[in-house]
Amino acid sequence: QRMKTSDKLKACVEGYDPPPFFFREEFQGNVRLVAWTSRLDHLKSAFYRIIESFPETVEVLFKVKIDSPDDADEWHRYYGRIAHGTLESGIRANELCVFQDGGNQLCVRIPDTPEYIALDDHNILFVYSQRPSFRQALVESGLKEQANPLLFEKPHWHVMPKDSDIHRERFINAIGLNDEG
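Computed from a predicted structure; not experimentally measured. (Residues numbered from 1 in each chain as written. Predicted model: local features only at pLDDT ≥ 70, side-chain atom pairs only at ≥ 80, totals over all residues. Heavy atoms only, no water.)

*Asks:* Looking at this model, I keep getting lost on the packing of helix α1 (residues 40-51) against helix α4 (residues 132-140). Mind explaining?
*Replies:* A pair of packed helices is captured by two measures, namely the crossing angle of their axes and the spacing between those axes. At a minimum axis separation of 8 Å, α1 and α4 run at an interaxial angle of 155°. Considering the angle they form, α1 stands roughly antiparallel to α4. As α1 packs across α4, the resulting crossing turns out to be right-handed. Contacts between α1 and α4 involve A46, R49 and I50 from the former and F134, A137, L138 and E140 from the latter. (Axes fitted to C-alpha atoms, helices over the stretch in contact; angles between N-to-C directions. Helix = DSSP H or I, 4+ residues; strand = E, 2+ residues; numbered from the N terminus. Parallel < 35°, antiparallel > 145°, perpendicular 65-115°, else oblique. Left-handed = near helix turned anticlockwise from the far one by under 90°. Contact = heavy atoms within 4.5 Å.)

This is the structure we're talking about:
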């Protein structure tokens, strides 16, 4: 079954389609929630529910995958400390870029705290916080708490929409990020 452009995820593996899930994981001395779903409506719901509780100003890191030698960093970074409303309206106007372009990652952090969320280039949502409301946002968005293997554990494809460079530039400019190299 072919997916419509509006349903495509950032990455795919043949035969990988577990029900929407999340689990708690210890990672580099921290605890995080790891969430994945093949349903974009669930993913968007979870993402927006979590960031709606973020403060008026947020820190944003947007990473774009670049071709580089094996020993070089594979990401070009854009950063900004911006108004929450600017971020949310920028994401809503550029959902194709944020939720369906497998050539980027978006991190949103609560300033001066270790709490942040990251939507990686596989559409895996990482939540670095112990707030019960963030776990609840995942449940209310249709994800079930259970451990599953992650998509990137197998050979996989990254999906990039047509004109992805234009979409990325539009998003970066919409929310006013600075080029950090």
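That shown, we press on.
*Asks:* Can you walk me through the environment of L119 in this structure?
*Replies:* With respect to the element layout, L119 can be found in strand β7 (residues 116-119). Residue class for L119 comes out buried when judged on its relative accessible area of 0%. Sequence separation between L119 and L106 is 13 residues, and the spatial gap between their C-alpha atoms is 5.2 Å. Not counting chain neighbours up to four residues away, the residues in contact with L119 comprise K10, L43, F47, V98, F99, N104, Q105, L106, I124 and L125. (Buried < 20%, exposed > 50% of the residue type's maximum accessible area, 1.4 Å probe, protein only.)

*Asks:* Got a minute to help me understand the packing of aromatic side chains in this structure?
*Replies:* How two aromatic rings sit relative to each other is set out by the distance from centre to centre and by the angle between their planes. Under the criterion given, the structure shown has nine aromatic pairs. Judged by centre distance (4.9 Å) and plane angle (70°), the rings of Y16 and W36 are edge-to-face. Here Y16 is found in the loop between β1 (11-12) and β2 (21-27), whereas its partner W36 is found in strand β3 (residues 30-36), with 20 residues between them in sequence. Note on accessibility: Y16 and W36 belong to one class, buried. Taking the centre distance of 6.0 Å and the plane angle of 65° together, the rings of Y48 and F99 count as edge-to-face. Of this pair, Y48 sits in helix α1 while F99 sits in helix α3 (residues 95-100), and the two are 51 residues apart along the sequence. Assigned by exposure class, Y48 and F99 land together as buried. Here the aromatic residues Y16, F21, F23 and W36 are joined through ring pairs into a cluster of three or more. (Phe/Tyr/Trp six-rings, centres within 6.5 Å; stacked < 30°, edge-to-face > 60°.)

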